[in-house]
Amino acid sequence: MFINGELVDAKSGKTIEVRNPSNGTVVDSVPRGSVDEVNAAVEAAAKAFPAWAAMPPTKRAQILHAAAEKMKAAVPELAKLLSQEQGKPLAHAVLEASRVQENLEYYAGLADKIRGDYVPLDDPAKFGLTIRRPIGVVAAITPWNFPLTLMANKICPALATGCTVVLKPASTTPLATQRAVEIINSAGLPPGVLNIVHGSGAEIGDALVSHPKVNKIAFTGQTETGKRIMKLAADNVTRITLELGGSDPMIVCEDADLRRASAATAIGRFFNAGQACLAVKRVYVFASVAEEFMTKIADRAKKEWKVGDGLAEGVKMGPLHTEHQRAEVEAQVADAVKKGAKILAGGTRPQGDEYSKGWFMDATVLSEVPDDSRMLTEEVFGPALPIVIVNDLDEAIAKANSSVYGLGSSIWTKDLAKARKAVEQIQAGYTWVNDIQVAYDQLPFGGSKQSGFGKEHGLEALDGYLEKKSVVLSAG
Ligand code: NAD
């Protein structure tokens, strides 16, 4: 772990083995933290907070720019670790590792641009101000699907505003995150500003979330975990941002560019083996183009998504992250088939010795998926796509909105009126029109409904780490 500027082992001496989901081999291990280390990390962050918050913002910005430079140099090392611990193809791990540098640069550029307002008041002898102060100690909790991106989404705006951080990554993907924290610290962060502890959520999560000196919790993970964190946060009225599960709908209208739409669907569903929060998780296609669209996406699934070890040449899709994860997706597919769905591609595990020790699954596409099947009512966190035929836009939007989730969404049409209706009526934090579901640093990202609340990315992410205070100044 890294606490108060130092590498730290667990007092208990216990460790967590990190295994490669492609073949089961041990990649490395990290200390298994306990409540003792959580407390030490929060105390260190609380102690470091006043000086970090008071540091001239241009100086904070310089440190973050320097950290970005170091992260750029470290991309090859981090990407390899990430591929081994998470399972994703190396090229995709390189993309992810590069995002940390980009995110650091974006928020380093904003660190000296945070300001309040001058507010005239009715009484001419007085005027009002608003000032924005960093919230304090942030507990940043991340999942295993995009460990580095989701770390950066939290620590970059937090550090830029003057907050200090205790980070807890998922216990199955701690390695690249640990190295990233060491590298960012080496750019000149004062001790205690950025700390990392390791352990399962069940063992140390509650202690971190409930710690009275934690002022803000920035969480990404499952909706069920988010609900628990929300309840625990209530005891100290701790601020929270919850980035939770999703079941993003895509609507394909009769005038859609089917070639581009099917390419975007394949990437949106099979990238990261489908283990992405923003992803094409349900397709609602107009009847007149359904057959052509389904043929195109099934072809792509069969031909373009080579499955294998993340470090092997030419692989586009790694294994599922855990055995449990694969079993869950297979059960969701089986449930749909039992209820009448047809498999157009996949639905199988790849065969051969090279696949025997990993949690591999083929890219899978299903049609005629009934509305009450698990694939449409739950989040499918794997490479399986349900397709539903609809008759018009109203039906498509009603079905899109039938989920408890509201994270991403997309529509493919050349008709501006249809696009506008979808943009205004789909209940989600993001809607793409004729484009692939990719998030941008410049645009706020976050969910509605049970996908959570609060924003990451954009200027808006800063708001989650700042408290606005009103001031009245009287001449008298
Ligand atoms: P998870 O909720 O199981 O775990 C996420 C993190 O929370 C891990 O670090 C875990 O150790 C920790 N945790 C677990 N119990 C805790 C507790 N009681 N207190 C504190 N921390 C605790 O999620 P996961 O399975 O790792 O991630 C997959 C989920 O994340 C999916 O639902 C996916 O949609 C969601 N996700 C959402 C976004 C988004 O931005 N909305 C992004 C990526 C992933």
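Conventions adopted
Residues numbered from 1 in each chain as written. Predicted model: local features only at pLDDT ≥ 70, side-chain atom pairs only at ≥ 80, totals over all residues. Heavy atoms only, no water. Near = heavy atom within 4 Å. Polar contact = N/O pair within 3.5 Å; in protein donor to acceptor, adjacent residues only side chain to side chain. Areas by Shrake-Rupley, 256 points an atom, 1.4 Å probe, with all protein chains shown as cover. Helix = DSSP H or I, 4+ residues; strand = E, 2+ residues; numbered from the N terminus. Nonpolar A, V, L, I, M, F, W, Y, C, P; charged D, E, K, R; others polar. Domains from an automatic or database assignment. Phe/Tyr/Trp six-rings, centres within 6.5 Å; stacked < 30°, edge-to-face > 60°. Lys NZ or Arg CZ within 6 Å of the ring centre and 35° of its normal. Axes fitted to C-alpha atoms, helices over the stretch in contact; angles between N-to-C directions. Parallel < 35°, antiparallel > 145°, perpendicular 65-115°, else oblique. Left-handed = near helix turned anticlockwise from the far one by under 90°. Contact = heavy atoms within 4.5 Å. Buried area = accessible area lost by both parts, 1.4 Å probe. Salt bridge = Lys/Arg side-chain N within 4 Å of Asp/Glu carboxyl O. Buried < 20%, exposed > 50% of the residue type's maximum accessible area, 1.4 Å probe, protein only. Core = buried A, V, L, I, M, F, W, Y, C linked by side-chain atoms within 4.5 Å. Pairing = 2+ DSSP bridges. Patch = residues over 30% accessible without salt bridge, like charges linked within 9 Å, V, L, I, M, F, W, Y side chains within 5 Å. Disulfide = S-S within 2.5 Å.

On to the site of the ligand. The ligand sits among 29 residues. The nearest are Thr-142, Thr-225, Leu-244, Cys-277 and Glu-379. Within the backbone of Gly-221, one N or O atom sits 3.4 Å away from an oxygen atom of the ligand. One of the backbone nitrogen or oxygen atoms of Gln-222 is found 2.9 Å away from an oxygen atom of the ligand. If the ligand stood free it would expose 850 Å²; the protein chains cover 91% of that surface. Secondary-structure elements contributing two or more residues to the shell around the ligand are helix H7 (201-210), strand E10 (216-220) and helix H8 (223-236). Tallying contributions element by element places H7 first for the shell around the ligand, with four residues. Taken together, the residues of the shell around the ligand break down into 14 nonpolar, 10 polar and five charged. Split by domain, the shell around the ligand shows at least three residues from each of two domains, domain 1 (2-244 + 451-474) and domain 2 (248-440).

Here the structure, examined in full by the defined rule, presents eight aromatic pairs. Ring plane angle 5° and centroid distance 4.0 Å describe the contact between Tyr-430 and Trp-432, whose orientation is recorded as stacked. One aromatic cluster is present, built from ring pairs that chain together Tyr-430, Trp-432 and Phe-445. Its end group placed over the ring of Trp-52, Arg-60 keeps NZ or CZ at 5.9 Å from the ring centre. Its end group placed over the ring of Trp-305, Lys-316 keeps NZ or CZ at 4.2 Å from the ring centre.

Between helix H13 (residues 393-400) and helix H14 (residues 416-425), the least distance of the axes is 11 Å, while the angle of their chain directions is 25°. By the angle between their directions, the pair H13 and H14 is classed as roughly parallel. In the packing of H13 onto H14, the handedness of the crossing is right-handed. Taking contact as the criterion, the partners of Leu-393, Asp-394 and Ile-397 in H13 are, on H14, Lys-418, Lys-421, Ala-422 and Gln-425. Each residue belonging to the contact of H13 with H14 can be placed in one class, and the counts come to three nonpolar, one polar and three charged.

With that settled, the discussion passes to the domain arrangement of the chain. Structurally, the chain comprises domain 1 (2-244 + 451-474) and domain 2 (248-440). Taking the mean C-alpha position of each, domain 1 and domain 2 sit 31 Å from one another. Contact residues are listed per partner, giving 24 residues for domain 1 and 28 residues for domain 2. Summed over both sides, the interface between domain 1 and domain 2 buries roughly 2100 Å², with carbon and sulfur atoms accounting for 58% of that surface. When the area that domain 1 buries against domain 2 is broken down by residue, the three leading residues are Ser-22, Trp-144 and Ser-451, summing to 26%.

Attention now moves to the pattern of salt bridges. This structure, assessed with the given rule, holds 30 salt bridges. A salt bridge links Arg-179 to Glu-77; the shortest N-O distance between them is 2.6 Å. On the criterion of sequence distance, the pair formed by Arg-179 in helix H6 (residues 175-185) and Glu-77 in helix H3 (residues 75-86) is long-range, its members being 102 residues apart. Judged by relative accessible area, which is 27%, Arg-179 ranks as partly exposed. Residue Lys-154 is joined to Glu-456 by a salt bridge in which the shortest nitrogen-to-oxygen separation is 2.9 Å. Placement of Lys-154 in helix H5 (residues 147-161) and of Glu-456 in the loop between strand E21 (452-453) and helix H15 (460-463) is noted, with a sequence separation of 302 residues between them. The exposure class assigned to Lys-154 is buried, which follows from its relative accessible area of 1%. Its relative accessible area of 2% is what places Glu-456 among the buried residues. Among the ionic contacts, a cluster of salt bridges with common partners joins Glu-77, Arg-179 and Glu-182.

This part is about the nonpolar core. Of all hydrophobic cores here, the largest spans 58 residues; its most connected members are Leu-104, Leu-148, Met-151, Val-165 and Ile-184. Among all residues touching Ile-184, those that are not within four sequence positions of it are Ala-67, Met-71, Leu-104, Met-151, Ile-155, Leu-189 and Leu-194.

As a further point, take the sheet that holds strand E22 (residues 466-474). Whenever strands of a sheet pair, they do so through backbone hydrogen bonds, lying parallel or antiparallel. The sheet built from three strands is open, its strands ordered E5-E6-E22 with antiparallel pairing. Of all strands in the sheet, those bounded by a partner on one side alone are strand E5 (117-120) and E22. With direction set aside, neighbouring strand axes in the sheet form an average angle of 25°. With nine bridges connecting them, strand E6 (residues 126-134) and E22 associate as antiparallel partners. Considered in E22, the bridge of Arg-133 is made with Glu-467.

Nonpolar side chains collect at one region of the surface, where Leu-90, Val-94 and Leu-311 lie side by side and expose about 200 Å² of accessible area between them. Turning to its location among the elements, Val-94 is positioned in helix H4 (residues 90-110).

This brings us to the state of the cysteines. Across all of its chains, the model carries zero disulfides by this definition. Residue Cys-163 stays outside any disulfide, its sulfur separated by 13 Å from that of Cys-156, the closest cysteine.

For the rest of this paragraph, the subject is the packing of helix H2 (residues 57-73) against H4. Relative orientation of the contacting elements H2 and H4 amounts to 165°, with a least axis distance of 8 Å. In terms of orientation, H2 and H4 fall into the roughly antiparallel class. When the axes of H2 and H4 are compared, the crossing they make is left-handed. Two secondary-structure elements touch here, H2 through Ala-61, Leu-64, His-65, Ala-67, Ala-68, Glu-69, Met-71 and Lys-72 and H4 through Val-100, Gln-101, Leu-104, Glu-105, Ala-108 and Gly-109. Classifying every residue of the contact of H2 with H4 gives eight nonpolar, three polar and three charged.

With that settled, consider the sheet that holds strand E14 (residues 342-345). In spatial order, the strands read E14-E15-E16-E13-E12-E18-E19; together these seven strands make up an open sheet with mixed pairing. At either end of the open sheet lies a strand with only one pairing partner, and these are E14 and strand E19 (432-433). Strand direction decides the pairing type here: E14 and strand E15 (residues 364-367), joined by three bridges, are antiparallel. Residue pairing across strands places Ile-343 opposite Leu-366, the latter belonging to E15. Along the sheet face, helix H11 (residues 323-338) touches E14, E15 and strand E16 (384-390) and points at about 25° away from the line of E15.

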